[in-house]
Amino acid sequence: ARNHPHGKDGQVFAEGIARYCEELQRGTIFSEETFKELHTYAEEEIKDIREQISSNPIMTIRSIREDLIIKSYPVGHHMVYSILYADHDLKIEEIIKMELFEFYRKYESCILSKNFKPVISITSGRGELDYQKTLAELELAYKKSHK
């Protein structure tokens, strides 16, 4: 199966596209200020998830997914905005066609090019929340609690 952006894990991606398209209808004006605001907001949402995980490491994968889905709107919006802000040649249609991992890799390279830390990553470990690292932490916590 392809990593298509419309699966459960593609929620951040899908919401980001939806939010960006809404903005587009209102006429998006790219600015450093908006870029920074969106990054800060998305970062706060992700830090909230991180805190929940550290206070309750026995959280299930499902509840993390649900949290990410709730927070996918601001995080996804930030990600799509960041890509288009950093890469002026890219069109929204090209982002829509991306596979999930490609979208995350593109986001990471764009946000790093602006000297900002990615709020979310899948496997690189660079994100405020790294999906693979978080799953490993949860697995470890689960094993410790079931000894």
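In this text, all values refer to a predicted model and were calculated from it rather than measured experimentally.

Asker: Whenever I open this one, the pattern of salt bridges confuses me. Can you help?
Answerer: Where charged atoms from two side chains of opposite charge approach closely, those side chains can pair. Scanning all chains against the criterion turns up 5 salt bridges. A salt bridge links Glu-137 to Arg-50, with the shortest nitrogen-to-oxygen separation between them at 3.2 Å. Placement of Glu-137 in helix H6 (residues 131–145) and of Arg-50 in helix H2 (residues 32–55) is noted, with a sequence separation of 87 residues between them. Assessed through its relative accessible area of 24%, Arg-50 is described here as partly exposed. Linking Asp-87 and Lys-106 is a salt bridge whose minimum nitrogen-to-oxygen distance equals 2.8 Å. Of this pair, Asp-87 sits in the loop between helix H3 (61–86) and helix H4 (92–97) while Lys-106 sits in helix H5 (residues 100–113), and the two are 19 residues apart along the sequence. According to the relative accessible area criterion, Asp-87 is buried, its value standing at 18%.

Asker: I'm lost on the side chain of Glu-45 in this one. Help?
Answerer: Its place among the elements puts Glu-45 in helix H2. Its relative accessible area of 17% is what places Glu-45 among the buried residues. Excluding anything up to four places from it in sequence, Glu-45 contacts Lys-71, Pro-74 and Val-75.

Asker: Is there a simple way to think about the side chain of Asp-130 in this case?
Answerer: Mapped onto the fold, Asp-130 is located in strand E2 (residues 129–130). Despite its burial, Asp-130 pairs with no opposite charge, the nearest such side chain being Lys-133 at 7.0 Å. Here the side chain of Asp-130 touches Ser-121 through a polar contact of 2.5 Å, side chain to side chain. Polar contacts involving the side chain of Asp-130 include one to the main-chain amide nitrogen of Lys-133, which spans 3.0 Å. The contacts of Asp-130, once residues within four sequence positions are left out, are Ser-121, Ile-122, Thr-123, Ser-124 and Gly-125.

Conventions adopted
- Residues numbered from 1 in each chain as written.
- Predicted model: local features only at pLDDT ≥ 70, side-chain atom pairs only at ≥ 80, totals over all residues.
- Heavy atoms only, no water.
- Salt bridge = Lys/Arg side-chain N within 4 Å of Asp/Glu carboxyl O.
- Helix = DSSP H or I, 4+ residues; strand = E, 2+ residues; numbered from the N terminus.
- Buried < 20%, exposed > 50% of the residue type's maximum accessible area, 1.4 Å probe, protein only.
- Contact = heavy atoms within 4.5 Å.
- Lys, Arg positive; Asp, Glu negative; His and termini not counted.
- Polar contact = N/O pair within 3.5 Å; in protein donor to acceptor, adjacent residues only side chain to side chain.

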